[in-house]
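As a plain string of letters, each chain reads:
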Amino acid sequence: MIDYITNLIRTSLNLPDDLVMCVERAHRSLTMKPKNSTPPRSIILRFSDYRVKDTILQQAWKQREVTYQGQRIFFDQDYTADIQRKRKQVREVIKLLREKKVKAQSPFPAQLKIHLESGVKTFTTLADAALVLREMGIHVKVEERENLQKELLGNHWDTAQSSNASGLPTMTNTDLQTTVCEASRLRVGHGGLQHGGPTGDSALPLSLHPVHLGLLLQHLQKFSDDTAIVGCVSKGSDQEYRQVITDFVDWSELNHLQLNASKTKEMVIDFRRKSPQTAPVNIQGLDIEMVESYKYLGVHLNNKLDWSHNTNVLYKRGQSRLHLLRRLRSFGVCRTLLRTFYDSVVASALFYAVACWGGGSTERDRKRLNRLVRRAGSVLDCPLDSVEEVGERRMLAKLTSIMDNHSHPLHDTVGALSSSFSSRPQVVHPICSQTV
């Protein structure tokens, strides 16, 4: 197929003689085989150099009509199915506009550019151009999803703050460009630490911003796809953290964010000998399931606050990837590529978030992971850094970056732990006091 398509391109296009095609892969499109009376399936090419692809496309578009053995062929980008569907709709609109003697174009990916007497107007989607096209006597069918997206991106999101009686932050147009998948909750209990979290999927492409609830013992920590509400429960009173959950659910409903309560999990951590029975949190009429371990941002936490469960996951993942490293060595791969594979595939799995769990893991857990590191070193025939060395190096790098960044949320906290004799941070945990 590659030889055939290379000969086809060189025969039909006027390309430079010194141009190297660099075709890595060529295959038919993954559709059903057409009948004899229908056009053949498209051929999809993958080039190792994007500049070669651009040169071929520009030359094909410049020649306009390209033929091969008397048959006309077409060259175009490999668009996704959604983009192809939208471009087809735009092309149909362009045909109707040209019948009305109106010049129109379709910029990438599926925009509509109309040359009017008042000037040139470019519309991102057909939903944006529906009103202008309707005035010209052209009616287009706009999908409900595009109408919903256009409505969500309207200006009413910017003015929602005025109608927000609770004073909580609301969505803006910029917030709608990213996606939030889950929300989590953690809570600190009397006599120990209680940890729970509702986690839900968003039904709309929205982004959660930090919600400052103004409570002394509660706060909300936000990441791109996970949100954690932390609350301290003292003297057996949990009304405050439950109110935080209620406010967060209300804020989500106000901003049209639907939380999937069925996927919500709660983990309780309590080091007392006799832990009282804790009533589960209720969200949207559903009681939250209590679990003993929870995966948060790729790190596995359990209700004992040790890293045994997380170490088991890393050990199994490292074993499977170490097997791949051995297989590559059996194929005769050079040592440089093997070291690159170790750093990018094996070490990235073993040392994931090591700055978080490296200092708190037990010696037994570290020995298990170091055993995998030594096995990898025997495959590479070179010494490799242990878990302790990697953890200390990454911890110091993280603390240094936090202290150098004055806008970091932990800058003041880390600065308060810095040594009085130098500017180096003390890698110690402060002693927490509890109210009894």
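So, here's what we can say about the structure.

About the cut-offs
- Residue indices begin from 1 for each chain and proceed along its sequence in written order.
- The model is predicted, so local features are restricted to residues of pLDDT at least 70 and side-chain atom pairs to those at 80 or more, both for listing and for counting; the totals for chains, interfaces and linings are taken over all residues.
- To get the side-chain values, all heavy atoms of the structure are used, and hydrogens and water are removed first.
- Like-charged residues are merged into a patch within 9 Å and nonpolar side chains (Val, Leu, Ile, Met, Phe, Trp, Tyr) within 5 Å, provided each residue has over 30% relative accessible area and no salt bridge.
- In these tables, accessible area is a Shrake-Rupley quantity obtained with a 1.4 Å probe, and a residue counts as shielded only by the protein chains included in the view.
- When a carboxyl oxygen of Asp or Glu lies within 4 Å of a side-chain nitrogen of Lys or Arg, that pair is called a salt bridge.
- Positive charges come from Lys and Arg alone, negative charges from Asp and Glu alone, with His and the N- and C-terminal ends not counted.
- Taken as the charge centre is NZ of Lys, CZ of Arg, CG of Asp or CD of Glu, depending on the residue.
- Every helix listed is a DSSP run of H or I at least four residues long, and every strand listed is a run of E at least two residues long, numbered separately from the N terminus.
- Two strands pair under a simple rule: DSSP has to find at least two bridges between them.
- Expected helix span is taken as 1.5 Å per residue step, with the number of steps being one fewer than the number of residues.
- Accessibility here uses a 1.4 Å probe with only protein chains present; expressed as a share of the type maximum, an area under 20% marks a residue as buried, one over 50% as exposed, and anything in between as partly exposed.
- In what follows, residue pairs with any heavy atoms lying within 4.5 Å of each other are defined as contacts.

### Side note on a positive patch on the surface
No. 1: A contiguous patch of positive charge, built from R326, R329, R371, R374 and R375, is present on the exposed surface.
No. 2: Taken together, the elements giving at least two residues each to the positive patch come down to α7 (308-330) and α10 (363-380).
No. 3: Looking at which element gives the most residues to the positive patch, the answer is α10, with 3 residues.
No. 4: Mapped onto the secondary structure, R375 falls in helix α10.

### Overview of the sheet that holds strand β6 (residues 112-116)
No. 1: The antiparallel open sheet is built from 3 strands, whose spatial order is β5-β6-β7. Among the strands making up the open sheet, the edge pair consists of β5 (104-105) and β7 (119-123).
No. 2: Where β5 lies against β6, 2 bridges are found, and the strand directions are antiparallel. What sits directly across from A104, in β6, is I114.

### A look at α10
No. 1: With 18 residues, α10 ought to run about 26 Å at 1.5 Å a step, and its terminal C-alpha atoms sit 25 Å apart, in line with that.
No. 2: Residues of α10 that are buried: D365, R366, R368, L369, N370, L372, V373, A376, G377, V379 and L380.
No. 3: Buried residues belonging to α10 abut α7, α8 (335-350), α9 (354-357) and α11 (387-404).
No. 4: Just downstream of α10 lies D381, where phi reads positive at about 60 degrees.

### Quick word on the pattern of salt bridges
No. 1: Tallied over the full model, the rule gives 8 salt bridges.
No. 2: Note that D365 and R364 form a salt bridge whose closest N and O atoms lie 4.0 Å from each other.
No. 3: Residue E388 is joined to R366 by a salt bridge in which the shortest nitrogen-to-oxygen separation is 3.3 Å. Taken together, the positions of E388 in helix α11 and R366 in helix α10 put the pair 22 residues apart, joining distant regions of the chain.

### Details of unusual backbone geometry
No. 1: Positive phi, close to 65 degrees, is recorded for R64, a residue that is not glycine.
No. 2: Structurally, R64 can be placed in the loop between α2 (50-63) and β3 (66-68).
No. 3: R64 gets classed as exposed once you look at its relative accessible area, which sits at 68%.
No. 4: Phi is positive for L305, which is not a glycine, with a value near 60 degrees.

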